[in-house]
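Chain and residue survey
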Amino acid sequence: MLSEPFGLLKVRNFRGFVLFLKSTVVIRYVAKMSFLICSAVWLLTVHLWGPRSADGAPDRPHHDPKHSWDTLQRQKRNWVWNQFFVLEEYTGTDPLYVGKLHSDVDKGDGNVRYVLTGDGASSIFTIDEKTGDIHATKRLDREEQGYYTLRAQAVDSETNAPVEDESEFIVKVQDINDNEPKFLDGLYTAGVPEMSPLGTMVVQVTATDADDPTYGNSARVVYSIIHGHPYFSVEPKTGIVRTALPNMDRETRDQYILIIQAKDMVGQMGGLSGSTSVTVTLTDVNDNPPRFSRKSYQYSVLESVPVPSVVAKLKAADADIDSNAEMDYYIIDGDAPGVFNITTDEETQEGVIFLQRPLDYETKSSFSLKIEATNRNIDPQFLTFGPFSDTVAVNVIVEDVNEPPVFSPLISRMVVSEAARVGTVIGTVSARDPDSSSSAIRYSIDRNTDLERFFNVDALTGVISTAKALDRELNSVHNITIFATENQDPSQVGRGIALITVMDINDNAPVFAIEYETLLCENAVPGQVIQTISAVDKDEPLSGHRFYFSLAFSAANNNNFTLRDNKDNTASVLTKRAGFRRQEQSLYLLPVLIVDSGSPALSSTNTLSVQVCDCGVNGIPQACGAVAFSLPVGLSTGALLAILGCIITLLVLILLIMAMRRRRKTPLFIEDERDVRENIVRYDDEGGGEEDTEAFDMVTLRNLNIICDSKVQDVSPETASVYPYSASATSRTSYKTLPDNIVFQEFIWDRLKVTDVDPSAPPYDSLQTYAFEGSGSVAESLSTLESPSSDSEQSYDYLSNWGPRFKKLADLYGNLEGSSIFS
């Protein structure tokens, strides 16, 4: 509290501040001196730097003369503030007293009322309107809010008019050590190489304290290691963790868990603390060389294992890990160079010994090797630990197995002439049993490689001979497989190859290389080359082909073409004359004789077709072959007559065919529209198809008394006698005089006779029916065909005897005497 002559507000209660100063004597003294110095500086600042006008002079109001600058200088200031202090985390039951406000205007008569506004007014801070006492009603936390800004006003109790200017002051929450240090980064993990020197930094830990770092030691933290001695240490001020022992070995222990503590109040008694854990892992370095667990190893392997096969695996132990444990293996010595080799399995770091050449128990039954294992990544700083490699002796024992026979050589090459006779010996294959037992062997041919059985092999001697005639042109090389089987153990079968080459003989004549199409222009001149020919021969003589060309003997003296041998296995065909005409001859056949150079020589005659063509100016053929649909100008009489004779013959044949077809289609009777056929199908045989059906013309039965004379004349002499009813009128009238039952019987017999002699009748029995209706009308026929052949006049008196139906007709013709109306 400042003295009143300086116009200061009398702060009579410093209970909150005094409670804090009671902590220690030194702290109370420092706090009191600091408070006095700060208050003096603040008062001086307010006095010198109060409100001023725009020109720099202290500001003074213009509306009230009593507030002039002179008046203010003379008047004592009544309303001056300082900041208040209040301890955080107050736990008492009564409101915490903060301070007291008082104005010189207040005479204690109750005319002045104090009003408090601002940050936390009414909710946190309360004021007694009459006395000006300020209390804190809630527990404050500096870590949440460090100070509160309030405004105080002294007003008249009755008029509420301000008696003092409003002033602002601060209530600062004073810190106490109520927060322990915390490691905000949580749990720590770190790594440090093994064998690191003493004091190698591992990791730095950091703890924070929420208390006020500017006041006291509440936020001053020191670090210490609680768990982790004697391997690691921590710097008290920085929190840096370092190694405390040199040459820590990962292979002995690879992980450590440290407990680091942070304590405030500079580690003094009564300070708060927090801790965290640090997991430290020792990372590997290559400080351990590879070492074999034994001085020697022994492995067994069958002599029949194929190449390449794994014989054995071995591994050198290395306490390091990852790339520091990688190693390479080498065969540095041994009695079997090139038989074995070794490589590294990258996953297991094992040395894999594999076979490079086949084994033979009978030749060598054991092998000695010296193998070295060396680290790939060697750290020079650890070379003093010794060589980073190790060697071991390996003995490989070869075990005997029953092996199949082995051919020597594996491929036997043989030669045979294609002219060799059946049974000719070609060569011999040989196989042996590699085992010590030396079993006897039988030979045979794999017939899948000799499907046509061209060869045989002697089962005991292995002699191969021909079994069929050979043809080099069909198969020039035979690749057959020979089996060699042990007699003692037939399951042991060896395989060899006989490669038989068939030698050529001259057994094929040369022929044209291609089928030539030779075109000859009509305007060709003598000596013109019209075709160049070559030949091919299926034979393949060792000295190559040599062909000789000439015209065959039959064409040697022809007047049209000649042949020139070009001496290079080709020949040229040339014209001997000009004036070739298609109209005269459009095609020439030229026989060419080709002879090869074999021994004996073979030849063949090949025909070259030459077509005469009509060519353009540039010599390109436009039309070839015979001239169609035109007659040559100079055609001979004989050729013309021959052509006409052929034409006439064709016309006659066509007419005959048409006549026969028309004759077949001509109906037997006039009434085509009444052609009714009734069929009787016979089923008394096993078939016959449509021939089982026989059609009969029923018109004949219905018109028994009407027979066309022209048809009667066409009947052959031998068949005419069986038609008594059509031969004469007497035969027709005979049916009329017979009784009805006899009429039918006679008719049937007559038709049967006709059928028997009919050449078109089927060659088997058939049943025929005829619709015969009797002898007909009582009236005779009126046809003139039945009239007498004499020239006498016709009498019609009989018409009156026919009854009333013919009365009109009798009247017409009965009175005509001597008239011949049918003449």
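Note that this is a predicted model, so its numbers are computed, not measured.

**Let's talk about the overall build of the protein chain**
The number of helices and strands found in the protein chain is eleven helices and 41 strands. A burial count over the protein chain gives 33% of its 823 residues as buried. Contacts in the protein chain between residues far apart in sequence, at least 24 positions, make up 65% of those at least 6 positions apart. When the accessible surface of the protein chain is totalled, it reaches about 50200 Å², and 54% of it is carbon and sulfur.

**Things to note about the sheet that holds strand 15 (residues 296-302)**
Within a sheet, each strand pairs with its neighbour through backbone hydrogen bonds, oriented either parallel or antiparallel. Sheet architecture is open: four strands sit in the order 15-21-20-17, paired in mixed fashion. The open sheet is flanked by strand 15 and strand 17 (327-334), the only strands paired with a single partner. Averaged over all neighbouring strand pairs, the angle between strand axes comes to 30°, with direction disregarded. In terms of strand pairing, strand 15 meets strand 21 (residues 389-399) through seven bridges, oriented parallel. Along strand 21, the bridge assignment pairs Ser 296 with Ala 393.

**Comments concerning the pairing of strand 37 (residues 587-595)**
Remember that side chains alternate between the two faces of the sheet whenever the strand is regular. Two elements, strand 34 (residues 548-551) and strand 37, share four bridges in a ladder whose sense is antiparallel. If you follow Phe 549 over to strand 37, its bridge partner there is Ile 594.

**Structural notes on the sheet that holds strand 19 (residues 350-355)**
Taken in spatial order, the three strands make up an open sheet running 16-19-18, and their pairing is antiparallel. Each of the sheet's edge strands pairs with one partner strand only, and the pair in question is strand 16 (310-314) and strand 18 (340-345). Mean inter-strand twist for the sheet, computed between neighbouring axes without regard to direction, equals 25°. By the bridge criterion, four bridges tie strand 16 to strand 19 in an arrangement that is antiparallel. Each residue of the ladder has a partner; that of Leu 314, found in strand 19, is Gly 351.

**What about the packing of aromatic side chains?**
Applying the stated criterion to the full structure yields 16 aromatic pairs. Pairing Phe 292 with Tyr 329 gives two aromatic rings, centres 6.5 Å apart and planes at 55°, and the pair type is tilted. In this pair, Phe 292 sits in the loop between strand 14 (273-283) and strand 15 while Tyr 329 sits in strand 17, placing the two residues 37 residues apart along the sequence. Side by side, Phe 292 and Tyr 329 carry an identical accessibility label, which is buried. Between Arg 253 and the ring centre of Tyr 231, over which it is positioned, the NZ or CZ distance is 5.5 Å.

**Some remarks on the pairing of strand 30 (residues 493-503)**
The alternating pattern of strand 30 places Gly 494, Gly 496, Ala 498, Ile 500 and Val 502 on a buried face and Val 493, Arg 495, Ile 497, Leu 499, Thr 501 and Met 503 on a face that is not buried. By the bridge criterion, seven bridges tie strand 23 (residues 411-417) to strand 30 in an arrangement that is parallel. Opposite Ser 417, over in strand 30, you have Met 503 as the bridge partner. Across nine bridges, strand 29 (residues 477-486) lies against strand 30 in antiparallel orientation. Note on strand 30: the bridge partner recorded for His 478 is Ile 500.

**Considerations on the pattern of salt bridges**
Summed over the entire model, instances satisfying the criterion amount to twelve salt bridges. A salt bridge links Glu 326 to Arg 376; its shortest N-O distance comes to 3.7 Å. Note that Glu 326 is positioned in the loop between strand 16 and strand 17 and Arg 376 in the loop between strand 20 (366-375) and strand 21, a separation of 50 residues in sequence. The class of Glu 326 is partly exposed, set by a relative accessible area of 25%. One network of salt bridges, in which partners are shared, links Glu 326, Asp 328, Glu 346 and Arg 376.

**Topic: the state of the cysteines**
Taken as a whole and assessed by the stated rule, the structure comprises two disulfides. A sulfur-sulfur distance of 1.9 Å marks the disulfide that ties Cys 613 to Cys 624. One quick way to see it: the torsion about the S-S bond of Cys 613 and Cys 624 is about 110°, and its sign makes the bridge right-handed. Within this pair, whereas Cys 613 is found in strand 38 (residues 603-615), its partner Cys 624 is found in strand 39 (residues 621-624), the two being separated by eleven residues in sequence.

**Examining unusual backbone geometry**
The step from Val 307 to Pro 308 runs through a cis peptide bond, and the omega angle for that step is -5°. Among the secondary structure elements, Pro 308 is positioned in the loop between strand 15 and strand 16. Here the amide bond leading from Ser 599 into Pro 600 is cis, since omega sits at 0°, within 30 degrees of zero. Assignment of secondary structure puts Pro 600 in the loop between strand 37 and strand 38. Residues other than glycine seldom take positive phi values, yet Ser 122 does so here, at roughly 75°. Within the element layout of this structure, Ser 122 appears in the loop between strand 3 (112-118) and strand 4 (125-127).

Rules of the game
Residues numbered from 1 in each chain as written. Predicted model: local features only at pLDDT ≥ 70, side-chain atom pairs only at ≥ 80, totals over all residues. Heavy atoms only, no water. Helix = DSSP H or I, 4+ residues; strand = E, 2+ residues; numbered from the N terminus. Buried < 20%, exposed > 50% of the residue type's maximum accessible area, 1.4 Å probe, protein only. Contact = heavy atoms within 4.5 Å. Areas by Shrake-Rupley, 256 points an atom, 1.4 Å probe, with all protein chains shown as cover. Pairing = 2+ DSSP bridges. Axes fitted to C-alpha atoms, helices over the stretch in contact; angles between N-to-C directions. Phe/Tyr/Trp six-rings, centres within 6.5 Å; stacked < 30°, edge-to-face > 60°. Lys NZ or Arg CZ within 6 Å of the ring centre and 35° of its normal. Salt bridge = Lys/Arg side-chain N within 4 Å of Asp/Glu carboxyl O. Disulfide = S-S within 2.5 Å.

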